[in-house]
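Structural overview
What follows is the residue order along each chain.
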Amino acid sequence: MTAALQSDYPPDGGWTTDDLDALPEDGRRRELLDGVLLMSPSPTRTHQIIAGLLMAELHADCPDGYDVTQGVEVRINRTRSFIPDVLITTAAAAAREPSKYEPHEVALAIEIVSPSTRSIDRVLKPALYAQAGIPFYWRIETEGGAPEVVTYRIDAVNEVYVETGRWTKFVDTGEPFPINLAISRITPRAR
């Protein structure tokens, strides 16, 4: 076990992915930002329903060269590791049955904005996913009731995402493969 697990303090030099690997499999969502351990609260019902429905919808139209999953870690480097809510990877990477992906294996990272992760999902993660070279990013906003999907494509020269659309009825994009998704299909039922 690492020194960090035996103390209330992080290890000298900060947390690493080796430290993450040494933590128990207890269902907690742990991410790393430059050696700082981030733990998010449990997601809400709305968040989880959107993630599940979105994964199913994308999976239904996913061509052979890709795979759709949710909540699988993307290891950017030894001190940065994030878990997108939904992601599209290469089929070759998925064939490994990984518990972790490398950034070059991810075609699209999707984050569903929660009240406790607004700044992380709107600012931090897109900046770091782009810097890592992940070609596409979607952010799903839920504050207004029905989901709004904001899509981005990487500007690889500047390592930033450029917005390609704001979708409230349908997501109609050819990236990373042709997607025509009715927002109503990922909207939780009203209770």
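A brief look at the structure comes next.

Analysis parameters
Residues numbered from 1 in each chain as written. Predicted model: local features only at pLDDT ≥ 70, side-chain atom pairs only at ≥ 80, totals over all residues. Heavy atoms only, no water. Phe/Tyr/Trp six-rings, centres within 6.5 Å; stacked < 30°, edge-to-face > 60°. Helix = DSSP H or I, 4+ residues; strand = E, 2+ residues; numbered from the N terminus. Buried < 20%, exposed > 50% of the residue type's maximum accessible area, 1.4 Å probe, protein only. Salt bridge = Lys/Arg side-chain N within 4 Å of Asp/Glu carboxyl O. Core = buried A, V, L, I, M, F, W, Y, C linked by side-chain atoms within 4.5 Å. Contact = heavy atoms within 4.5 Å.

In the structure shown here, the tally under the stated rule is six aromatic pairs. Taking 5.4 Å as the distance between ring centres and 45° as the angle between the ring planes, the aromatic pair formed by Tyr66 and Phe177 counts as tilted. Of the two residues, Tyr66 is situated in strand β3 (residues 66-70) and Phe177 in the loop between β12 (170-173) and β13 (179-182); the sequence distance between them amounts to 111 residues. For Phe177, a relative accessible area of 3% puts it in the buried group. For the ring pair Tyr152 and Tyr161, a centre distance of 6.3 Å and an interplane angle of 55° mean the geometry is tilted. Relative accessible area serves as the criterion here: at 13%, Tyr161 is assigned to the buried category.

A few words now on unusual backbone geometry. Here the residue pair Glu175 and Pro176 is connected by a cis peptide bond, since its omega of 0° sits within 30 degrees of zero. Structurally, the position occupied by Pro176 is in the loop between β12 and β13. One non-glycine residue, Glu159, adopts positive backbone phi at about 55°. Here Glu159 lies in the loop between β10 (148-155) and β11 (160-167). Overall, Glu159 belongs to the partly exposed group, its relative accessible area being 41%.

This part takes up the pattern of salt bridges. Evaluated as defined, the whole model comprises 17 salt bridges. The salt bridge involving Glu143 is made with Arg118; its shortest N-O contact spans 2.6 Å. Highlighted residues: Glu143 in the loop between β9 (136-141) and β10 and Arg118 in helix α4 (residues 118-131), separated in sequence by 25 residues. Judged by relative accessible area, which is 56%, Glu143 ranks as exposed. For Glu148, the salt bridge goes to Arg166, with nearest N and O atoms at 3.5 Å. Of this pair, Glu148 sits in strand β10 while Arg166 sits in strand β11, and the two are 18 residues apart along the sequence. Judged by relative accessible area, which is 45%, Arg166 ranks as partly exposed. Here the salt bridges do not stand alone but share partners, grouping Arg118, Arg122, Arg139, Glu141 and Glu143 into one network.

Next up on the list: the nonpolar core. Counting 23 residues, the largest nonpolar core has Leu54, Leu58, Ile110, Trp138 and Val149 as the members making the most contacts within it. Looking at this core, the elements that each hand over two or more residues are α2 (45-61), β6 (86-90), β8 (106-112), β9 and β13. Grouped together as the second largest cluster of nonpolar side chains are 20 residues, Leu33, Ile76, Ala130 and Tyr137 included.

Here Val150 is to be found in strand β10. With relative accessibility at 0%, the residue Val150 sits in the buried group. Between the alpha carbons of Val150 and Glu105 there is a distance of 22 Å; along the sequence they are 45 residues apart. Sequence-distant contacts of Val150, defined by excluding residues within four places in its chain, comprise Tyr137, Trp138, Arg139, Glu163, Gly165 and Arg166.

Here we come to the side chain of Thr16. Examined against the element boundaries, Thr16 turns out to sit in the segment before α1 (17-22). Look at Thr16 and you get buried, because its relative accessible area is 14%. Not counting the four nearest positions on each side in its chain, Thr16 is found in contact with Leu32 and Arg78.

That is the geometry; function is a separate question.
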